[in-house]
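Structural features, examined
Here are the chains, one letter per residue:
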Amino acid sequence: MALAVLYALAPYHFIRGESHLFLASYYCVPLGLGILIWIMRGESVWTARTSRYRWWGVLTGRGAFTVVALALLATSSTYYGVFLIILLAFATLFVLIRDRNWRKFLGAIGVGAVTVVVMLINMAPDVIFGWTNGANPGGFFRNADDSEVYALKITQLLLPWTGNRIAFLRDFRAHYDQTFPLPSEEPALGLVAALGLIITFLVVAYMVVAWRRTRALRAESAHHVETIGYVSVLTLIAFLFSTVGGLSTLISFVTTALRGWNRMSIVIAALCLVAFGLSLQLLLTWMFKRFKLHKVVAGVTVGVISLGILGVGYYDQTPGTLGSGYAGIAATYNSDKTFFAGIQESLPAGANVLQLPYIPFPENLAANGLVGSDELIPFLQTTTVDWSAGGIKGRPKSDWPYAVSQEPGADLVKLAAGSDMSGILVDTWAYDDKGAAVVSALTAAISEAPITSADGHWVYFDIRSERAALLTQYTPEQLAAIETAVTDPIDLSLLPDFHPTSAADLTAGDSSLPSPSFSLLNDRSDSPTVTLSFTLALPATAGGTATVAFPDGQSQTVTVAPEGTVVTHRMVVSPGTSKVQVNVAGATAAAPPLVHISELTIAQQAVTEFLGQ
């Protein structure tokens, strides 16, 4: 029980926190590990209980437990499902070689099949959406080398975690993470599990060096020794996959969908706590027999040791500031609740509001480091207002606020009002200057005075008067066409050839390919006229020549200046994906150039005419 509490309070839990809520819900991991131990012992995982009613025996038997446990695990996180399958593959092969029992082998295969089926069911909505709406390469982009950047190291697991209560240990860990390469996501096991990790490695070493003695030792305390051996081997396999340069790197050659292999640390933590607990229990059992202690004394000893382990582990694994910020969080939440309730009450149901600044979602930060998911706060506080943030990046209907947000105040307001926006919301905390410049520009362009939240976090501008003024100059049909052009624009994707140089700037990227390309995305049925413009630079090739091939069949050959050369081209973009390719003269795959593009803009003729440009 003491070790179960420590598992619930693992450093991993606080490192993940709310930002990785599903990863922090790792309570299903031990269920899957328990099934693996059954398999390695040679026990069946698909049996039913003996019962007068067969259906009741099936529903309450081990097979039913296996299905429920696997469903919970595979649903809690795709990572945990994959980790289980990796360890299952080893356990299955282990059992087949040891027992040569194909029935047990097929039973283990069934465990993997159930896990995969549940994972596919959970991924089905995403897969179906991709089939019907096309692929989105910009939504989640992973590099193959991420598998090592986000792997773990044995030193990280053994050292104190970043939130340790003892200042010296906390500072020592901070020094390590800041000084040594690949800090990853700062994985750590905590003191008790770290001792368990040392035990597992020693057990594996003993099993290799003295395997004959292992048989005799197993006969003495068959159950616990056998289990320690199994969890030790599973720990080794988990470590070999998740360590820097481990077997996960081989997987990255096939797919880059999984990169956070340091998250295997919570699997290792569970296994190491088991190894520590059973080793301690064997030691205590030996001591009680050796010194012939009375059962009462033995029971009290076990209780004291358990409480001691719990106390030491709790102090080591939990942050000293736990709960200290709750009052501030509650105050901020209540302030937001009052502010957004007022906005919702002032607007009709279904009203649209543009949010500034635009922060790509998910996995992006504002220019000053604000987490992009903070832009979902208005959505959480209202039920009848439609907000512009939160769409998955890489699709035109999600990325359109970026281009609008780059316009000066008056043009920004005109585009928002012309696109049927009822208001503009500014998140001042996402700006270095607390939104002073943008609020000033919008105040000068909007007739109605803004309202500000009590804590200064949000500033809201009602622009329905600006919308009404536009309706005196344009017909509803004309404004509807403008709304389509603005909120469903011709978008671009730098990936996969160009790697974005900044999470906040979607218009710049670098490539080391001889002929890299980026894509123009038109998910509409019409073919709008646009003017494409970008600055092309060849940092390592002064005065180099490049030919830019456009999707309309035309091309431009330019001599690239040291500071970069602006390339501009007017064309019609057909529905679908169109490629713009940069061919560097003399470049080869063996000696690829560094190609840099920046300030990439796509100006639609309809929008520029609307703004009078």
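Just above, that's the structure.
These figures come from a predicted structure and were not determined experimentally. (Residues numbered from 1 in each chain as written. Predicted model: local features only at pLDDT ≥ 70, side-chain atom pairs only at ≥ 80, totals over all residues. Heavy atoms only, no water.)

Section: the pattern of salt bridges
Oppositely charged side chains can form a pair if their charged atoms are brought close together. This model, assessed by the stated rule, comprises twelve salt bridges. The salt bridge partner of Asp 99 is Arg 98, with a shortest N-O separation of 2.8 Å. Measuring nitrogen to oxygen at the nearest pair gives 3.9 Å for the salt bridge that ties Asp 420 to Arg 467. Taken together, the positions of Asp 420 in the loop between helix H21 (409–418) and strand S3 (421–427) and Arg 467 in helix H23 (residues 464–471) put the pair 47 residues apart, joining distant regions of the chain. The structure contains a network of salt bridges with shared partners spanning Arg 16, Glu 185 and Arg 263. (Salt bridge = Lys/Arg side-chain N within 4 Å of Asp/Glu carboxyl O. Helix = DSSP H or I, 4+ residues; strand = E, 2+ residues; numbered from the N terminus.)

Here's the deal with helix H17 (residues 295–317)
Taking 1.5 Å of rise per residue, 23 residues should cover 33 Å, and H17 covers 32 Å from first to last C-alpha, within 8% of that figure. Of all the residues in H17, the buried ones are Ala 298, Ile 309, Gly 313, Asp 316 and Gln 317. (Expected span 1.5 Å × (residues − 1). Buried < 20%, exposed > 50% of the residue type's maximum accessible area, 1.4 Å probe, protein only.)

Details of the sheet that holds strand S13 (residues 565–572)
Spatially, five strands are ordered S7-S8-S15-S10-S13 in an open sheet, and the strand pairing comes out antiparallel. Strand pairing shows two members of the sheet lacking a second neighbour, strand S7 (499–500) and S13, which therefore form its edges. Pairing analysis gives two bridges linking S7 to strand S8 (residues 509–511), with the strands arranged antiparallel. Within S8, the residue paired with Pro 500 across the bridge is Gly 509. (Pairing = 2+ DSSP bridges.)

Quick word on the pairing of strand S12 (residues 555–559)
The sheet contact formed by strand S11 (residues 545–549) and S12 spans five bridges and is antiparallel. Within S12, the residue paired with Thr 545 across the bridge is Thr 559. Hairpin connection from S11 to S12: five residues lie between these consecutive antiparallel strands, with Gly 553 at a positive phi of about 95°.

What to know about unusual backbone geometry
The omega angle of the peptide bond from Phe 361 to Pro 362 is -5°, so this bond is cis rather than trans. Mapped onto the secondary structure, Pro 362 falls in the loop between strand S1 (352–356) and helix H19 (377–381). That bond from Leu 495 to Pro 496 is cis: its omega, 5°, falls within 30 degrees of zero. Here Pro 496 is to be found in the loop between strand S6 (491–493) and S7. You will see that Ser 184, though not glycine, has its phi angle at about 55°, which is positive. With respect to the helices, strands and loops of the structure, Ser 184 is situated in the loop between helix H11 (167–179) and helix H12 (191–209). Among the residues examined, Ser 184 registers a relative accessible area of 17% and is labelled buried. Not every positive phi belongs to a glycine, and Glu 186 is a case in point at roughly 55°. Looking at the secondary structure, you find Glu 186 in the loop between H11 and H12.

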